[in-house]
Amino acid sequence: MENPDDQCPRPPRMPEQATTPHSPPIYLSSVYECRDPEQADALLAGLETGYVYARDGHPNADMLAEQCRLLHGAEQAAITGSGMGALALVVLSQLESGDHLVLSNQLYGRTSALLTREAARLGISSTVVDAYDLNAVKGALSPNTRLLVVETISNPLLRVANLRSLADIAHERGAALVADNTLAGPAVCRPHELGADWVMESITKTMNGHSDVVLGLLCGRTDRWQRVRDTLSVWGLASAPFDCWLALRGLGTLGLRIERACANALAVAQFLTKSKAVRAVYYPGLPEHPDHELARRQFGDRNGTIVTFTLEGGLEAARSFMTASNRIPFCPSLGELTTTLSHPESTSHRGLTTQARESLGITGGTVRLSLGIESAATIIDAIGQGLDSVG
Ligand SMILES: Cc1ncc(COP(=O)(O)O)c(C=O)c1O
């Protein structure tokens, strides 16, 4: 190289090699070089397969999407920059002004805000309904209802949506069922097999499982997909290559992590039911849970990695539990590698009135555990310390 400054604008290429890397490379390039105008035209028109610009698509998003598609047995899958991005993608690609939504009354707070307040700004109306009362759901659907939106397992009280029946009800009225599968994940439930038309997940949580990316997944059917692709690019909902690479690595251990964390969740739930300091334990794997039979039918012997409980002593007891069980960090998210806890009243459900929270069963004494992959004995020991402090 004559002038050392010249290496800056055009770095060297990867050498030709006879072998392929066993671990997927990271393609950080925001743009791809085209051979000539004809190729650029063919690529942008979708007549030739390849990448041009990373907001439209990049190899790391496609590798992750393909793995998620297989895990869910879906026809199509796309990766977005967050779980909320995946929900926004359904709204923006499938709905028009004048459409109507039916929503479960037990949705993640930001999901409710998107599908009520934000959707209303686009002329989309909504009705919030008790999704565990199938007659109420039937009554809420109207001729212009396009989507029925539920969570497979709700947060934090872990109600289980009857996906098969909800899909039938939606389809009878010409609507589609959207399942937010974040608290279950494909190792517990594959909602497409139960009739869901759209499946979204916050990959941020258990799918990635290492608390180091924010990403979303949308799965759906081929006949609806062209609008999804276009919307993802036009509204700028794309993901970053490095995040996708990390999540793909996280997915490699999904089955093992979920198996262990589900077993830990069941052990912890059973332990909590024996404590006098605990008023109620919520876990679909417990026979006393209202959806236990449905969970068994839909999920088999895995009931998820989250356990919620309410302490007799209310907020004071929750504070003292959280201080004494300090080996379990207070992280207002879920799906970490190790066990974490959250306090729904002050975090995920702080936007609700006290009355609305109480009608759901959430009080100051409600604590949500997200089980990790440590040994059950270690987790139970930490929880035991917390309960001892409560009395
Ligand atoms: C059930 C559920 N859906 C959607 C989301 C949104 O996902 P993200 O934070 O990746 O945007 C969350 C986040 O907490 C969630 O818990």
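So, a few notes on the structure that sits alongside this text. Small disclaimer: the values here were computed from a predicted structure and weren't measured.

Here's the deal with the packing of helix H2 (residues 59–72) against helix H8 (residues 241–251)
Moving on, step 1. At a closest axis distance of 8 Å, the pairing of H2 and H8 adopts a crossing angle of 35°. Our pair here, H2 against H8, has a crossing hand that is left-handed. Contacts between H2 and H8 involve Asn60, Ala61, Met63, Leu64, Gln67, Cys68 and Leu71 from the first element and Pro241, Cys244, Trp245, Ala247, Leu248 and Leu251 from the second.
Moving on, step 2. Partitioned by chemical class, the residues of the contact of H2 with H8 number eleven nonpolar, two polar and no charged.

Here's the deal with the packing of aromatic side chains
Moving on, step 1. Tallied over the full model, the rule gives four aromatic pairs.
Moving on, step 2. Relative to Tyr51, the ring of Tyr32 has its centre 5.6 Å away and its plane inclined at 40°; by these criteria the two rings are tilted. Here Tyr51 lies in the loop between helix H1 (37–44) and H2 and Tyr32 lies in the segment before H1, a separation of 19 residues in the sequence.
Moving on, step 3. The exposure class of Tyr32 is buried, given its relative accessible area of 19%.
Moving on, step 4. Here Tyr51 falls in the partly exposed class, since its relative accessible area comes to 29%.
Moving on, step 5. When the centroid spacing of 6.3 Å and the interplanar angle of 25° are considered together, the rings of Trp198 and Trp225 count as stacked. Of this pair, Trp198 sits in strand E6 (residues 198–202) while Trp225 is found in helix H7 (residues 225–234), placing the two residues 27 residues apart along the sequence.
Moving on, step 6. A cation over a ring is seen here: Arg159 above Tyr132, with NZ or CZ 4.5 Å from the ring centre.

A closer look at the pattern of salt bridges
Between side chains of opposite charge, pairing is possible as soon as their charged atoms come close.
Moving on, step 1. In total, this model carries 15 salt bridges according to the counting rule given.
Moving on, step 2. We note a salt bridge from Arg117 to Glu118, for which the minimum N-O separation is 3.2 Å.
Moving on, step 3. A salt bridge links Glu259 to Arg302; the shortest N-O distance between them is 3.8 Å. With Glu259 in helix H9 (residues 254–273) and Arg302 in the loop between helix H10 (292–299) and strand E9 (306–311), this residue pair connects regions lying 43 residues apart in the sequence.
Moving on, step 4. Linked through salt bridges whose partners overlap, the residues forming this network are Arg117, Glu118 and Arg121.

What counts, and at which threshold
- Residues numbered from 1 in each chain as written.
- Predicted model: local features only at pLDDT ≥ 70, side-chain atom pairs only at ≥ 80, totals over all residues.
- Heavy atoms only, no water.
- Axes fitted to C-alpha atoms, helices over the stretch in contact; angles between N-to-C directions.
- Helix = DSSP H or I, 4+ residues; strand = E, 2+ residues; numbered from the N terminus.
- Left-handed = near helix turned anticlockwise from the far one by under 90°.
- Contact = heavy atoms within 4.5 Å.
- Nonpolar A, V, L, I, M, F, W, Y, C, P; charged D, E, K, R; others polar.
- Phe/Tyr/Trp six-rings, centres within 6.5 Å; stacked < 30°, edge-to-face > 60°.
- Buried < 20%, exposed > 50% of the residue type's maximum accessible area, 1.4 Å probe, protein only.
- Lys NZ or Arg CZ within 6 Å of the ring centre and 35° of its normal.
- Salt bridge = Lys/Arg side-chain N within 4 Å of Asp/Glu carboxyl O.

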